[in-house]
Amino acid sequence: MIMPRPVSTPAGGNPANLEDDTSYVASGNEITLFETAWHERLPLLLKGPTGVGKTRFVEHMAARLGRPLITVPCHEDLTAADLVGRYLLQGNDTVWMDGPLTRAVREGAICYLDEVVEARADTVVVLHPLMDHRRELHIERLGQTLRAPPAFMLVLSYNPGYQSLMKELKASTRQRMVAIDFDFPKPEVERRVLVELYHVDPAVADRLVRLAQAIRRLDAESLSEAVSPRALVAAGRLAHGGMALREAAIAAIAAPLSDDAAMRESLVALIDTYLA
Amino acid sequence: MMVRAVAMASPVERWTTLAGALAARPLSVLAAAPGEASWTDGHRLWLDPALPLAQQREACMAQALLVEAGSLEYPGLRRLVGRRAAISRYMVLELARALRRSAACLPVEFEERARGWLSGVPESGSVEISLALALDARTAMLELPAHLGRLRPARLSWKRVAGRAGQILRKTPMREARLESIDEDEDTEEATGKLLRAFSSPLAGAAGSLLLKILGLGRTPGDTRDQDGADGGAMALGEETMMSDAPGADAEQTARRPTQGSAKMPPARWHYPEWSVAAQTYRPNWTHVHEITPMGRSMAERVDVLASTSIRRQIARIGLEFARHRAQRDGPDFDLERLVRHAVGRHAGEVDERLYLATRRTRRDLALLVLLDVSQSTGDRDAQGRRAFDQQREMTRQLLKASVHLGDRVAVYGFHSWGRHLVRFLRIKHFSELMSPAVGRRLEALEPAGLTRLGAAIRHATHLVDHDGQTRHRMVLLLTDGFAYDDEYEGAHAEADAGRALQEATERGIACVCLNIGSEQDDERLRRLYGEAAYLRCSNLHKSVPALRRLMRSAMRQADSRQRRSPNRHSKEAARP
């Protein structure tokens, strides 16, 4: 039984280290929307495909608002106890240990549940009282009810393109939240992300973005998933690190996208067209 | 026994992804005759294989961009037929417009070169403007580099007309032959002359003159803009809206080409063997299977004839897999978390006995491929005027709804054939595709045509579900009228080959179910092939539903037991906790 380890990001990052950097390039009104939702104490739902920047966005907003961030990656085995907390044995005593959700509520932090659809429906139900006007967390084992302070915010993310309908977020959950749609960024935004956040050469960034735009126009039947901005970043970073751009793109974009040999060859021809 | 499909790759196929990306829709790339100019009809792109690679690439990109911009779809294109200079001007204008539309996704070098070709070209905001400018002989313009290929308005317009024409003329072989020869012609002026002759003959009768009217051919007051050297009276075509392309009829036109020499057939993606019962051996690479995505048609308001919950309930218990359940009162393992909680709870005086882990079949893991027979025979009407095809289609809809609701992976393909070189699969919905109105529209637009080469169809369906199913349980559900018949494919031979194909599928662990709804034909044969367990014939939809579960379950049992027995199968074992 493993407690999910919360990941805390202090307000403000250390830009010298790529991983601690919390800067972000906005696509639309998402920054304003998040800030306003936080002020109005509304929970937020981030919808969008993988790799478009949802997590980076939340980290940025937490830093911007000066609040601690507690992230919980959700999965099928996540139980309500994993979120809320449980008793542990210490010697002959039983000691209560707060779960990440409870800690967030107590501290007035931002609690981010990533890929919430992966968790079971009976786990997610625990969140409902926190998401409407009551903003309460019931801890049955302690017989307590915590009232969330104004600074607390619940943020969920999910990928609606996931095929199986059995894994859909229930309507009762969805309707309690304000949603932001994250789609693939516009070319200018994607270029800026590569150049400003990941220090990719502007000419290289331009080529990569054109390539990604072209691949994303492919019909869904040809490729099971589209090129995520994350893949572009990986290609850019490999190139920045000294790899030839063509090889970097094949490794970061083509190889992960398809296992079919004919499709691979076709993708490589595409890459050659754009990056050679 | 190794039965494997082979995907062929001709050198020009390497441009497929590039073409599809720029066209923003799937484009099959095929080799034109060497030296023949590249062109596209919006779904297939013929590239000149004799060109150097860099030029092939540019031709591919230019043609694909035209497809994306909608330059080829405009009905007014007819007005360009027979006017070489106007066609050239139109292509230049449209390529410039297409480039502006897609600037963000073009390779840098190509964009620069294209700007060089297109400098000084007047800006056109739409197809209509481009056409108007192109028809005006006063517009002076450079020509595009020859390697980019050409536009063929005669072929494009004819494709649109052929659908309707084919329906009217199906019963007249002579006229059909004339139509085919027009289709092949290079010279468009000669083509339209032939077209007129075909329909003005004394045998044309009412159908012929109706067709002339639809096509807008025949003498009309001349077009005053007609100063381009085009044939004066004959080509003043009206602006009537054309019927949507009926895929069935178009298929017939396409299918007739093999008899005129297989040189013109586009290469198939998959080849399958066929079992010859006489020779007791396989004929390798005997059948050629193509896949296309058919166009859709909007659905009229329809009342659901069948409550889909009934089907859903039937298939809900099929294809379930093991899933772990915690906190059970009994089971083979301890649930560790609960055990700790129990130890802790004892101090507090709480007792909870649900300490065990149990595994039960509750998780869904089924991939279902619905294979719909779209051959001509399903379109025959019975005494009450109903078609088996409509019932089959309705069943398909219901199955699709139920499967999507339950979260199963489901794919729907239609199939028909014209001889062994053209077995065609119509992609209604592939496995990874999300359910959408487009799927429903494609289903709606299907019309029965062609014949039924059942063996090849089963083999390809097996390949699809095996390859894309990605689940523990896989099933092919065939909806057919039972009439397996094709060119050199009938009687004992067809029966044996289809049976063999079924065997191959079952050996690979794929369950096969056959539903024959609303048709009397060839029932006995199918029953023999599938066996009583997995075959059902019903006169109507409602009666078939209650038996579905039994059918599916027994088919799965069969497949499971066969699979376990054959060790060389590269199966994905279920994760048994």
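Residues numbered from 1 in each chain as written. Chains lettered and ligands numbered in written order. Predicted model: local features only at pLDDT ≥ 70, side-chain atom pairs only at ≥ 80, totals over all residues. Heavy atoms only, no water.

Further remarks concern the overall build of chain B. Per the secondary structure count, chain B includes 18 helices and 15 strands. The buried share among the 577 residues of chain B stands at 56%. In chain B, the share of contacts with a sequence separation of at least 24, taken over all contacts with a separation of at least 6, comes to 73%. Carbon and sulfur atoms make up 51% of the accessible area of chain B, which amounts to about 25,500 Å² in all. (Helix = DSSP H or I, 4+ residues; strand = E, 2+ residues; numbered from the N terminus. Buried < 20%, exposed > 50% of the residue type's maximum accessible area, 1.4 Å probe, protein only. Contact = heavy atoms within 4.5 Å. Areas by Shrake-Rupley, 256 points an atom, 1.4 Å probe, with all protein chains shown as cover.)

Residues and elements named next belong to chain B. Here helix α15 (residues 454-468) contains 15 residues, and its C-alpha end-to-end distance of 21 Å stays within 8% of the 21 Å for a straight helix at 1.5 Å per residue. α15 sits mainly inside the fold: 13 of its 15 residues count as buried. Positioned one or two residues after α15, Gln 470 has a phi angle of 60°, which is positive. (Expected span 1.5 Å × (residues − 1).)

Take the packing of helix α1 (residues 30-39) of chain A against helix α2 (residues 54-65) of chain A next. All names here are of chain A. At a minimum axis separation of 11 Å, α1 and α2 run at an interaxial angle of 55°. In terms of their interaxial angle, α1 and α2 are classed as oblique. Classified by chirality, the crossing of α2 by α1 is right-handed. On α2, the residues that touch Glu 30, Ile 31, Phe 34, Glu 35 and Trp 38 of α1 are Phe 57, His 60, Met 61, Arg 64 and Leu 65. For the contact of α1 with α2, a count of residues per class yields 6 nonpolar, 1 polar and 3 charged. (Axes fitted to C-alpha atoms, helices over the stretch in contact; angles between N-to-C directions. Parallel < 35°, antiparallel > 145°, perpendicular 65-115°, else oblique. Left-handed = near helix turned anticlockwise from the far one by under 90°. Nonpolar A, V, L, I, M, F, W, Y, C, P; charged D, E, K, R; others polar.)

Okay, the side chain of B:Gln56 next. Residue and element names in this part refer to chain B. Structurally, Gln 56 is set in helix α2 (residues 53-69). Judged by its relative accessible area of 5%, Gln 56 is buried. In this structure the side chain of Gln 56 is engaged in a polar contact, spanning 3.1 Å, whose partner is the backbone oxygen of Leu 51. Apart from residues lying up to four places away in sequence, Gln 56 is in contact with Val 12, Trp 15, Leu 47, Asp 48, Pro 49 and Leu 51. (Polar contact = N/O pair within 3.5 Å; in protein donor to acceptor, adjacent residues only side chain to side chain.)

This part takes up the interface of chain B and chain A. Listed per partner, the contact involves 47 residues of chain B and 38 residues of chain A. Buried surface at the junction of chain B and chain A, both sides included, amounts to about 3,500 Å², of which 55% is carbon and sulfur. Broken down residue by residue, the surface that chain B buries against chain A is led by B:Thr17, B:Cys105 and B:Val344, which jointly contribute 16%. Applying the counting criterion to the chain B and chain A interface returns 3 salt bridges. A salt bridge links A:Arg210 to B:Glu111; its shortest N-O distance comes to 2.7 Å. If you look at where chain B meets chain A, you find 11 residue pairs in polar contact (both at pLDDT 80 or more). Every element with two or more residues in the side of chain B that touches chain A is listed here: α1 (16-23), α2, α4 (108-117), β7 (320-328), α12 (336-348), α13 (388-406) and β12 (423-429) of chain B. Looking at which element gives the most residues to the side of chain B that touches chain A, the answer is α1(B), with 7 residues. Residue composition of the side of chain B that touches chain A, by class: 20 nonpolar, 9 polar and 18 charged. (Buried area = accessible area lost by both parts, 1.4 Å probe. Salt bridge = Lys/Arg side-chain N within 4 Å of Asp/Glu carboxyl O.)

Right, let's talk about the confidence of the model for chain B for a bit. Residue and element names in this part refer to chain B. For chain B, the average pLDDT comes to 73, and 69% of its residues sit at 70 or higher. Every residue in residues 301-307 scores below 50 in pLDDT, and together they form 13 contacts with partners more than four places removed in sequence or on other chains. Every residue in residues 567-577 is under pLDDT 50, and counting partners more than four places away or in other chains gives 15 contacts. Here the prediction assigns the complex a pTM of 0.57, and the interface score ipTM is 0.74. (pLDDT = per-residue confidence, 0-100.)

This part is about helix α9 (residues 202-216) of chain A. Residue and element names in this part refer to chain A. The end-to-end C-alpha separation of α9 is 21 Å, in line with the 21 Å expected for 15 residues at 1.5 Å each. Counting buried positions along α9 gives 13 out of 15 residues, so the element sits mostly inside the fold. Sitting at the head of α9, Asp 201 places a side-chain oxygen 3.2 Å from the backbone nitrogen of Ala 203.

Our focus in this paragraph is the nonpolar core. Among the nonpolar cores identified, the biggest contains 87 residues, and A:Leu208, A:Ile215, A:Ile253, B:Tyr90, B:Leu95 and B:Leu118 are the most heavily contacted of them. With 10 residues, the top contributor of residues to this core is helix α3 (residues 84-101) of chain B. Setting aside its immediate chain neighbours within four residues, B:Tyr90 contacts B:Ser71, B:Tyr74, B:Leu77, B:Leu80, B:Val127, B:Ser130, B:Leu131, B:Ala134 and B:Leu151. B:Val370, B:Leu443, B:Leu477 and B:Leu515 belong to the second-largest nonpolar core, a separate cluster that totals 35 residues. (Core = buried A, V, L, I, M, F, W, Y, C linked by side-chain atoms within 4.5 Å.)

Moving on, we come to the packing of aromatic side chains. All names here are of chain A. For the structure on display, the rule yields 9 aromatic pairs over all chains. Arranged with centres 5.6 Å apart and planes meeting at 85°, the rings of Phe 34 and Phe 57 form a pair that is edge-to-face. With Phe 34 in helix α1 and Phe 57 in helix α2, this pair connects stretches of sequence that are 23 residues apart. Grouping residues by exposure puts Phe 34 and Phe 57 together as buried. Ring geometry for Phe 57 and Phe 182: centres 5.4 Å apart, planes at 55°, overall tilted. Of this pair, Phe 57 sits in helix α2 while Phe 182 is found in the loop between β10 (178-181) and α8 (187-198), placing the two residues 125 residues apart along the sequence. The same class applies to Phe 57 and to Phe 182, which are both buried. (Phe/Tyr/Trp six-rings, centres within 6.5 Å; stacked < 30°, edge-to-face > 60°.)

All names here are of chain A. Contact pair α9 / helix α12 (residues 261-275): the axes reach a minimum separation of 9 Å and the direction vectors enclose 140°. Considering only the axes of α9 and α12, their crossing is right-handed. Side by side, α9 and α12 meet where Arg 207, Leu 208, Arg 210, Leu 211, Ala 214 and Ile 215 of the first sit next to Leu 267, Leu 270, Ile 271, Tyr 274 and Leu 275 of the second. Taken together, the residues of the contact of α9 with α12 sort by class into 9 nonpolar, no polar and 2 charged.

A word on the pattern of salt bridges. Once their charged atoms are close, side chains differing in charge can pair, the charge on each being opposite to the other. Per the counting criterion, the structure on display carries 40 salt bridges over all chains. Between A:Glu35 and A:Arg64 there is a salt bridge whose closest N-O contact spans 2.9 Å. Of this pair, A:Glu35 sits in helix α1 while A:Arg64 is found in helix α2, placing the two residues 29 residues apart along the sequence. A relative accessible area of 46% means that A:Arg64 is categorised as partly exposed. The residue B:Arg442 makes a salt bridge to B:Glu433 at a minimum N-O spacing of 3.0 Å. Of the two residues, B:Arg442 and B:Glu433, neither departs from the other in class, the shared state being buried. Counted as one network, the salt bridges with shared partners bring together A:Arg191, A:Asp206, A:Arg210, B:Glu111 and B:Arg115.

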